[in-house]
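# Chains, contacts and geometry: an overview
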Amino acid sequence: KEECDYLISLIDKNNTPSMVVSEGVERDKYDASRTSSTCNLPTNDPKVYEIHQRIADKLGLDLNKGESLQGQKYEPGQYFKPHNDWFGPGAGYNKHCLYSGNRTNTFMIYLNDNFEGGGTDFPKKSKTVQPELGKAVTWTNLDENGKGDHNSMHEGMSVVSGTKYIITSWWRENIWDGFMD
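Residues numbered from 1 in each chain as written. Predicted model: local features only at pLDDT ≥ 70, side-chain atom pairs only at ≥ 80, totals over all residues. Heavy atoms only, no water.

## A closer look at the sheet that holds strand β7 (residues 103–110)
Stated formally: Paired strands, as defined in this entry, are two strands with at least two bridges between them according to DSSP. Secondary structure elements follow DSSP: runs of H or I no shorter than four residues count as helices, runs of E no shorter than two count as strands, and numbering proceeds from the N terminus. Note on definitions: a residue-residue contact is assigned when non-hydrogen atoms from the two residues lie within 4.5 Å. What counts as an axis is a line fitted to C-alpha atoms, over the stretch in contact for a helix, and the angles between N-to-C directions run from 0 to 180 degrees.
The six strands are arranged β1-β4-β5-β14-β7-β11 in an open sheet whose pairing can be described as antiparallel. Both outer strands of the open sheet, β1 (16–17) and β11 (136–140), are each paired with one neighbouring strand and no more. Of the strands in this sheet, β1, β4 (37–40), β5 (70–74), β7 and β14 (164–172) are in contact with helix α1 (residues 2–14), which crosses β14 at around 90 degrees. Across the sheet, helix α2 (residues 46–59) is in contact with β7, β11 and β14; its angle to β14 comes to roughly 55 degrees.

## Things to note about the pattern of salt bridges
The following threshold applies: The salt bridge definition used is simple: a Lys or Arg side-chain nitrogen within 4 Å of an Asp or Glu carboxyl oxygen. Accessibility here uses a 1.4 Å probe with only protein chains present; expressed as a share of the type maximum, an area under 20% marks a residue as buried, one over 50% as exposed, and anything in between as partly exposed.
Under the criterion given, the structure shown has seven salt bridges. Here R54 makes a salt bridge to E50, at a shortest N to O gap of 3.1 Å. Here R54 and its partner E50 are both found in helix α2, four residues apart, which amounts to about one turn of the helix. For R54, a relative accessible area of 40% gives the class partly exposed. Looking at E50, the relative accessible area reads 41%, which means it is partly exposed. Residue E67 pairs with R103 through a salt bridge whose shortest N-O separation is 2.8 Å.

Structural data, given as structure tokens:
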């Protein structure tokens, strides 16, 4: 709980409206599909580093393959419509994946549960994960052939009341080059 509260304080201090990748190239567009707010957590913060390392250990991955931890905040009525975390072929892949490769894994932690709604829905798996303080949810983004797994599509469902906080950790095929920081 103390770690979750600490991360919430960082998110509250640093969040800005969430953006999406537009035209498959840049995170530079506000879009009705994503209404939360977001921040990259400071990589030089010892607590953030320790949590990131524990996630890497849990996944059995090299910490250098992890993008910076990102915090998200969802207030009443906010959501992130169904989407995939991997990049498809084309301009988006060419812009974000040529060095580091695609996103192989996602690891998400709910930092609180004193809100209503806000589940994480996997529509192609007919599965909704209900938030619980400290609960982690993880999934792979690529199929056995290294292509984007359409079954990993997920949605941050609308928060009804209260405020939802999560951190998200994305992992790459190769060493993360920090391009999207």
